[in-house]
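# Summary of the model geometry
Each chain is listed here by its residues.
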Amino acid sequence: MMVARSLALVLLLTSACAGLRYPTPPAGLRAPLRSLSPRACASAPLASGDDPRAEAEAQGIAAALGAVYRFSRPHTIRGTLLACGTGVGRALLECPSYLHLLPALLPRAFLGVAALVLANLFIVGINQIYDVEIDIVNKPFLPIAAGAMTPAVAWAIISASVLSGLALVKTTFSPLIFKLYSFGLLVGGPLYSIPPIQLKRFPLAAGLTIACCRGFLLNFGVYYATREALGQAFVWNPAVAFLARFMTVYASVIAVTKDLPDVEGDRRGGIETFASRMGAKKVAAGATAVLALNYVGAIVTALTGAPGAFRTAFMAGGHALALCWLGLSWRKLVPESKSSIKDFYGQIWNLFYFEYLMYPFI
């Protein structure tokens, strides 16, 4: 009952966000409903030019939903969903005799995924609330910075998210998983974003925070929770140990490279990052070198691992391909161009997704 009420609270507040704040979005943010064909528009009188109020309301709802979507930072949600899916897949592949239990486990699995998505929303949301002045320069498309969402609505969304997520984990999983989940929320949310601590002000602390949350807690937690649901004791499988180590390094690189397009705003906001201190070119080069060594380490691990620990050809070949992908992305980078820097950072995330797609099969 507690979980149901929490989920209902999320839906209620999200609906409030969509319906109460922005019936007529600013012209610069208004997105026309291009998905409606002329024939569809002609057959839908409420959305036609005959009823301007209905059309304005529809556009307002679409704009509000778009604001909530941007507020969620979809690229981070994709990473979380991939980590969930591949982590569960990895655990099931290790216990094929339990595959027949999958239909019975799906409801619990969906609740776990929902809890992680809610945690993701809380962490990225609280960061936007405290970064408004910086985001006006660095990320003006984000809804609070763009004026498409009020701080009050943002607080309502993240409050509902954190309370619902905690309720889901508390009622569905073991005390250890609940403690790990709570720790991740605390470190990745308030400690990272809220003064006076605000770990994001310190480059090394910011990198360690993101590495801890995305590198270790997420991968260990998903794998452990799946083993627990199957009634299996936790064991450090070589592939799981490898991924936790590899992604901890990778998340550290993401923590550094995410600041590459944001140098101007960070300097104005007094946020010191490696990029604002050393310049985009040096930081991009250093990040590329670290990731390249990470891929080389993965290839060496595949070739020198104990017999049967890894699928050697797939793991070595996949990481060699990723290394080439990284090299091409680096060669295309023009450090003086903000759009080029953004493209480079996007490729870092694409490689992040690629790693998770390989994970169940290494």
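Refer to the structure printed above.
Residues numbered from 1 in each chain as written. Predicted model: local features only at pLDDT ≥ 70, side-chain atom pairs only at ≥ 80, totals over all residues. Heavy atoms only, no water.

### Comments concerning the packing of helix α4 (residues 74-94) against helix α10 (residues 203-229)
Following both chains from N to C, one finds α4 and α10 inclined at 40°, their axes separated by 9 Å at the closest point. One finds that α4 runs oblique with respect to α10. Handedness of the crossing formed by α4 with α10: right-handed. Note on element contacts: α10 touches α4 through Arg 214, Leu 218, Asn 219, Val 222, Tyr 223, Thr 226 and Arg 227, opposite Thr 76, Gly 79, Thr 80, Ala 83, Cys 84, Gly 87, Val 88, Ala 91 and Glu 94. Among the residues making up the contact of α4 with α10, the classes are represented as seven nonpolar, six polar and three charged. (Axes fitted to C-alpha atoms, helices over the stretch in contact; angles between N-to-C directions. Helix = DSSP H or I, 4+ residues; strand = E, 2+ residues; numbered from the N terminus. Parallel < 35°, antiparallel > 145°, perpendicular 65-115°, else oblique. Left-handed = near helix turned anticlockwise from the far one by under 90°. Contact = heavy atoms within 4.5 Å. Nonpolar A, V, L, I, M, F, W, Y, C, P; charged D, E, K, R; others polar.)

### Details of the pattern of salt bridges
One pass over the structure, following the stated rule, counts six salt bridges. When the shortest N-O distance is used, the salt bridge between Asp 259 and Lys 258 registers 3.0 Å. What makes Lys 258 partly exposed here is its relative accessible area of 22%. One salt-bridge network, held together by shared partners, links Arg 90, Glu 94 and Arg 227. (Salt bridge = Lys/Arg side-chain N within 4 Å of Asp/Glu carboxyl O. Buried < 20%, exposed > 50% of the residue type's maximum accessible area, 1.4 Å probe, protein only.)

### Some remarks on helix α9 (residues 175-193)
The end-to-end C-alpha separation of α9 is 26 Å, in line with the 27 Å expected for 19 residues at 1.5 Å each. Of all the positions in α9, only Ile 177, Leu 180, Tyr 181, Gly 184, Leu 185, Val 187, Gly 188, Gly 189, Tyr 192 and Ser 193 are classed as buried. In this structure, the buried side of α9 is in contact with α5 (102-129), α8 (151-172) and α10. (Expected span 1.5 Å × (residues − 1).)

### Quick notes on helix α15 (residues 312-332)
Helix length check: α15 (21 residues) gives 30 Å between terminal C-alpha atoms against 30 Å at 1.5 Å per residue, within 8%. Within α15, burial applies to Met 315, Ala 316, Gly 318, His 319, Ala 322, Leu 326 and Ser 329. What you see down the axis of α15 is that its buried residues fit within an arc of 165°, all on one side. Exposed and oriented more than 90 degrees from the buried face of α15 are Ala 313, Leu 321, Leu 328, Arg 331 and Lys 332. (Arc of directions from axis to C-beta.)

### Structural notes on the environment of Val 124
In this structure, Val 124 sits in helix α5. Each C-alpha atom, one on Val 124 and one on Arg 73, is 6.9 Å from the other, the two residues being 51 residues apart in sequence. Excluding anything up to four places from it in sequence, Val 124 contacts Phe 71, Ser 72, Arg 73 and Thr 76.

### Focus on the environment of Leu 217
Relative to the helices and strands, Leu 217 resides in helix α10. Owing to a relative accessible area of 11%, Leu 217 belongs among the buried residues under this scheme. Each C-alpha atom, one on Leu 217 and one on Leu 180, is 6.9 Å from the other, the two residues being 37 residues apart in sequence. Those residues in contact with Leu 217 that lie beyond four places of it in its chain are Leu 180, Phe 183, Gly 184 and Cys 212.

### Comments concerning the side chain of Thr 209
Its location among the elements puts Thr 209 in helix α10. In this structure, Thr 209 is in contact with Val 187, Gly 188, Tyr 192 and Leu 199, ignoring residues within four places of it in sequence.

### Examining the nonpolar core
Across soluble globular proteins, you tend to see nonpolar side chains buried next to one another. Counting residues in each nonpolar core, the largest one holds 48 residues, and the members touching the most others are Tyr 250, Leu 260 and Phe 352. Listing elements by their share of this core, those giving two or more residues are α4, α10, α11 (238-257), α14 (280-304), α15 and α16 (338-358). Considering each element in turn, this core owes the most residues, 11 residues, to α16. If sequence neighbours within four positions are ignored, Tyr 250 has contacts with Leu 291, Asn 294, Tyr 295, Ile 348, Leu 351 and Phe 352. Among the nonpolar cores identified, the runner-up in size contains 29 residues, and Ala 115, Ala 119, Leu 185 and Phe 220 belong to it. (Core = buried A, V, L, I, M, F, W, Y, C linked by side-chain atoms within 4.5 Å.)

### Observations concerning a nonpolar patch on the surface
A surface patch of nonpolar side chains, about 290 Å² in accessible area, is lined by Leu 93, Phe 314 and Phe 361. Relative to the elements of secondary structure, Leu 93 occurs in helix α4. (Patch = residues over 30% accessible without salt bridge, like charges linked within 9 Å, V, L, I, M, F, W, Y side chains within 5 Å. Areas by Shrake-Rupley, 256 points an atom, 1.4 Å probe, with all protein chains shown as cover.)

### Focus on the side chain of Asp 135
Looking at where Asp 135 falls in the secondary structure, it is placed in helix α6 (residues 132-138). Comment: no salt bridge for buried Asp 135; closest opposite-charge side chain is Lys 139, at 4.5 Å. With residues near it in sequence (within four places) discarded, Asp 135 still touches Gln 128, Pro 140, Leu 142 and Ala 145. (Lys, Arg positive; Asp, Glu negative; His and termini not counted.)

### Quick notes on the environment of Cys 95
Its location among the elements puts Cys 95 in the loop between α4 and α5. Each C-alpha atom, one on Cys 95 and one on Gln 232, is 9.1 Å from the other, the two residues being 137 residues apart in sequence.

### Here we look at the packing of α8 against α9
The contact between α8 and α9 brings their axes to 9 Å, and the two run at 160°. Here α8 lies roughly antiparallel to α9, going by the angle between them. Judged by the twist between their axes, the crossing of α8 over α9 is right-handed. When α8 is examined against α9, the residues Val 162, Gly 165, Leu 166, Val 169 and Lys 170 are found in contact with a partner set consisting of Ile 177, Phe 178, Tyr 181, Ser 182 and Leu 185. Residues that form the contact of α8 with α9 fall into these classes: seven nonpolar, two polar and one charged.

No statement about biological role is implied by the geometric values presented.
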